[in-house]
Amino acid sequence: SDLTRVRLEERTIRIPLSSGTERTVTFPTRIAEVVGFAQVVAVRCDADPYMLQDRNVFGVTDTSAEVWRVDARMAGSICTGLSAQGEHLIAALGDGRAVLLDPMTGRLLQL
């Protein structure tokens, strides 16, 4: 798959697959930011008091149909920014902290 050719439409991400088909994933709120890695696209959605209160980071891999949601230990935390640092995903949080995530699983690597 070519994750550089991802298309965004409000709440939906479209990923072209090597088979010539397309994978679409629709999120509960608007997509605010996307960070692409070789095999996964990390997505930060807008936090919303009714739809998505926290843990607003998701990942779409090119291999499985599953979508990960950021580690449950991030409950209560709203991500305000994403960036890539080497093979890691950095999530900036609303309280000023930054945490390191595994982009393939959304698992918290360190607080």
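Here the structure is shown first, and the text comes after it.
Residues numbered from 1 in each chain as written. Predicted model: local features only at pLDDT ≥ 70, side-chain atom pairs only at ≥ 80, totals over all residues. Heavy atoms only, no water.

K.L.:
Could you give an account of the side chain of Asp54, with specific residues and numbers?
P.N.:
Here Asp54 lies in the loop between strand 5 (40-45) and strand 6 (57-61). For Asp54, the contacting residues outside a window of four places in its chain are Arg69, Ala75, Gly76, Ser77 and Ile78. (Helix = DSSP H or I, 4+ residues; strand = E, 2+ residues; numbered from the N terminus. Contact = heavy atoms within 4.5 Å.)

K.L.:
Go over the packing of aromatic side chains, please, and point to the residues and values.
P.N.:
Counted by the stated rule, this structure contains one aromatic pair. When the ring of Phe27 is compared with that of Phe58, the centres are 5.3 Å apart and the planes differ by 45°; the resulting orientation is tilted. Here the residue Phe27 occupies a position in the loop between strand 3 (22-26) and strand 4 (31-36), and Phe58 occupies one in strand 6, the gap between them amounting to 31 residues. For Phe58, a relative accessible area of 9% gives the class buried. (Phe/Tyr/Trp six-rings, centres within 6.5 Å; stacked < 30°, edge-to-face > 60°. Buried < 20%, exposed > 50% of the residue type's maximum accessible area, 1.4 Å probe, protein only.)

K.L.:
Mind laying out the sheet that holds strand 2 (residues 12-16), listing which residues take part and the relevant values?
P.N.:
What the three strands build is an open sheet, ordered 1-2-3; its pairing is antiparallel. Across the chains shown, the open sheet's two edge strands, defined by having one partner strand only, are strand 1 (7-9) and strand 3. The mean angle between the axes of side-by-side strands here comes to 20°, regardless of whether they run parallel or antiparallel. Note: strand 1 against strand 2, three bridges, orientation antiparallel. The residue of strand 2 that forms the bridge with Arg7 is Arg14. (Pairing = 2+ DSSP bridges. Axes fitted to C-alpha atoms, helices over the stretch in contact; angles between N-to-C directions.)

K.L.:
Report on the state of the cysteines, specifying residues and quantitative values.
P.N.:
Considering all chains together, one arrives at zero disulfides under this definition. No disulfide involves Cys45; its sulfur sits 10 Å from that of Cys79, the nearest cysteine. Classification of Cys45 by relative accessible area gives buried; the value is 0%. Judged by relative accessible area, which is 5%, Cys79 ranks as buried. (Disulfide = S-S within 2.5 Å.)

K.L.:
If you had to explain the pairing of strand 10 (residues 98-101) to someone new, which residues and values would you point to?
P.N.:
Judged from the four bridges that link them, strand 9 (residues 88-93) and strand 10 form a sheet pairing that is antiparallel. Considered in strand 10, the bridge of Ile90 is made with Leu100. Counting the residues that bridge the hairpin from strand 9 to strand 10 gives four residues, and of these Gly96 lies at a positive phi of roughly 95°. In terms of strand pairing, strand 10 meets strand 11 (residues 108-110) through two bridges, oriented antiparallel. For Leu100, the partnering residue across the bridge sits in strand 11 and is Gln110.

K.L.:
Requested: an account of the side chain of Arg55, with residues and values cited.
P.N.:
Considering the arrangement of structural elements, one finds Arg55 in the loop between strand 5 and strand 6. Among buried Asp, Glu, Lys and Arg side chains, Arg55 stands out as unpaired, with Asp54 the closest opposite charge at 5.7 Å. Discounting chain neighbours no more than four positions away, the residues touching Arg55 are Arg69, Val70, Asp71, Ala72, Met74, Ala75 and Ser77. (Lys, Arg positive; Asp, Glu negative; His and termini not counted. Salt bridge = Lys/Arg side-chain N within 4 Å of Asp/Glu carboxyl O.)

K.L.:
Describe the sheet that holds strand 7 (residues 67-69), with residues and values.
P.N.:
Here we have four strands laid out as an open sheet, ordered 4-5-6-7, and antiparallel in their pairing. Each having just a single partner strand, strand 4 and strand 7 make up the two edges of the open sheet. When the angles between neighbouring strand axes are averaged without regard to direction, this sheet yields 25°. With three bridges joining them, strand 6 and strand 7 adopt antiparallel strand pairing. Paired with Phe58 across the two strands is Arg69, which belongs to strand 7.

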